[in-house]
Amino acid sequence: MTKINNFENWFISGLKDIEDYHPREWIIKNIIPQGSSIVGFVGESGSGKSCVVYDIMMNYITGSDNWLGLPMKGEDRTCVFLSSEGDYKRRLKGWLLKHEFEGEKLQNYEKSILRLDTSKMSVGIALTSNTISELRKQIETQFKTVGLIVIDTLNGFFSGEENNNTDMGNFLGNIDKDFAKAFNSCVIIIHHLGKKAKEQRDSTGRGASSFNAKLDMNISIEGKPLTGITLEVQKARDSKEGIRYRLKAEPITLTPEEETTIVLSELSELDNSCMNVSKKTPFDLIQEGIIKHEIKVFKERIIHKEDIKKFLSLKGGNDGQGFKGNGIYAQISPNKSGVIGKLVKDELLEPLDNNESFQLVDRNSYVWKLEE
């Protein structure tokens, strides 16, 4: 609690300051706010959380006016990068190679980023009120303000019990005070998905519920980078929720020995007319598509494979083969054009024969099985 020494002038007279209020500015509109804020990027291991955040960070500090085609703004293109992940140098090297940053061109950005020396982290570093205050002092020797502060991952820097709301609240309170507000910075925290969130298909971070409550923005990352990532804004304090994009990465060769990494290569906007689409089952989406005439239905309610494949992919299917939502996978098999299936109530699609048909799969079993 803030200590008050002066008991005078507690009130503001009139409404002039409200009239002069300016809307929030954005680094990437409706995804990354500009100025004091905390943004969570949450997803399962291997979903591409770091890949996405690193790409945003590198485009930002190198002065890009866009991120994969989305406008990017920001006057103070500085970043503080705290990583507990051992392979971040490999990822950033891949980005530099893809975007042809080397030699003199790279030297222009030497003062744009301040990285935590991971050699000092043999036993880790917990961001307690004391250590974060010390980090703040060291940052202030380089920067007065900071555009971005990236923490990768929360688990690598968290102090206390992750499931304890008081500990989580104190941790984020220190981040807010000594990082976000002190440097007027957007702080991005990369965090792993919680067990219950996996089952419920939302982006609640692992541990205490106060993590999600304290965030200004919570971004869900789902999928695999090389086949497709779905980015969804699941919580937004000052903008729209449900905004969704599809991202893909490509492999980059780093060394003559063919050591590789991945770098984002494309972004496309997904159908955002359906908020909280990840909470809907594939059957719900197909019914909605039929009602809106987005899916062509032939006699006896027959749907062509390619039509439903395209529709589900536009709704966020991570591999172009279907839609993953609410713990259910709608998949198309085999991979052959012209295959058709019949829509029936309470099941997704009914096979027309044993070899060419749709199938509905949950995490553990087939609702019905294709014959070999």
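A brief structural summary. (Residues numbered from 1 in each chain as written. Predicted model: local features only at pLDDT ≥ 70, side-chain atom pairs only at ≥ 80, totals over all residues. Heavy atoms only, no water.)

1. Some thoughts on the sheet that holds strand β9 (residues 186–192)
Ordered by their spatial adjacency, nine strands build an open sheet running β7-β6-β8-β9-β3-β10-β11-β12-β13, and the pairing between neighbours is mixed. Whereas interior strands pair on both sides, the edge strands pair on one side only; in this sheet they are β7 (113–115) and β13 (260–269). Adjacent strand axes in the sheet meet at a mean angle of 20 degrees when their direction is disregarded. Note: strand β3 (residues 37–43) against β9, seven bridges, orientation parallel. Its bridge partner lying in β9, Ser37 is registered against Cys186. (Pairing = 2+ DSSP bridges. Helix = DSSP H or I, 4+ residues; strand = E, 2+ residues; numbered from the N terminus. Axes fitted to C-alpha atoms, helices over the stretch in contact; angles between N-to-C directions.)

2. A word on helix α2 (residues 49–61)
With 13 residues, α2 extends 19 Å from end C-alpha to end C-alpha; this agrees with the ideal 18 Å at 1.5 Å per step. Of all 13 residues in α2, 13 are buried, a share of seventy percent or more. Once α2 finishes, Gly63 follows within two positions and takes phi at roughly 80 degrees, a positive value. (Expected span 1.5 Å × (residues − 1). Buried < 20%, exposed > 50% of the residue type's maximum accessible area, 1.4 Å probe, protein only.)

3. Remarks on the side chain of Lys235
Looking at where Lys235 falls in the secondary structure, it is placed in strand β11 (residues 228–236). Buried within the structure, Lys235 lacks any salt-bridge partner; its nearest side chain of opposite charge belongs to Asp216, at an N-O separation of 7.2 Å. Among the polar contacts listed, one links the side chain of Lys235 to the backbone oxygen of Ala213, at a separation of 3.1 Å. A polar side-chain atom of Lys235 sits 2.7 Å from the main-chain carbonyl oxygen of Leu215. Dropping the residues within four chain positions of it, Lys235 is found in contact with Asn212, Ala213, Lys214, Leu215, Asp216, Met217, Asn218 and Glu241. (Lys, Arg positive; Asp, Glu negative; His and termini not counted. Salt bridge = Lys/Arg side-chain N within 4 Å of Asp/Glu carboxyl O. Polar contact = N/O pair within 3.5 Å; in protein donor to acceptor, adjacent residues only side chain to side chain. Contact = heavy atoms within 4.5 Å.)

4. Digging into the pairing of strand β10 (residues 217–224)
Every regular strand shows the same layout, with side chains that alternate between the two sheet faces. Most of β10 is tucked away: seven of the eight residues are buried. Pairing analysis gives five bridges linking β3 to β10, with the strands arranged parallel. Among the inter-strand pairings, Val42 is bridged to a residue of β10, identified as Ser220. Of the strand pairs in this sheet, β10 and β11 are connected by eight bridges, and their pairing is antiparallel. Note on β11: the bridge partner recorded for Met217 is Ala236. Between β10 and β11, which follow one another and run antiparallel, lie three residues.

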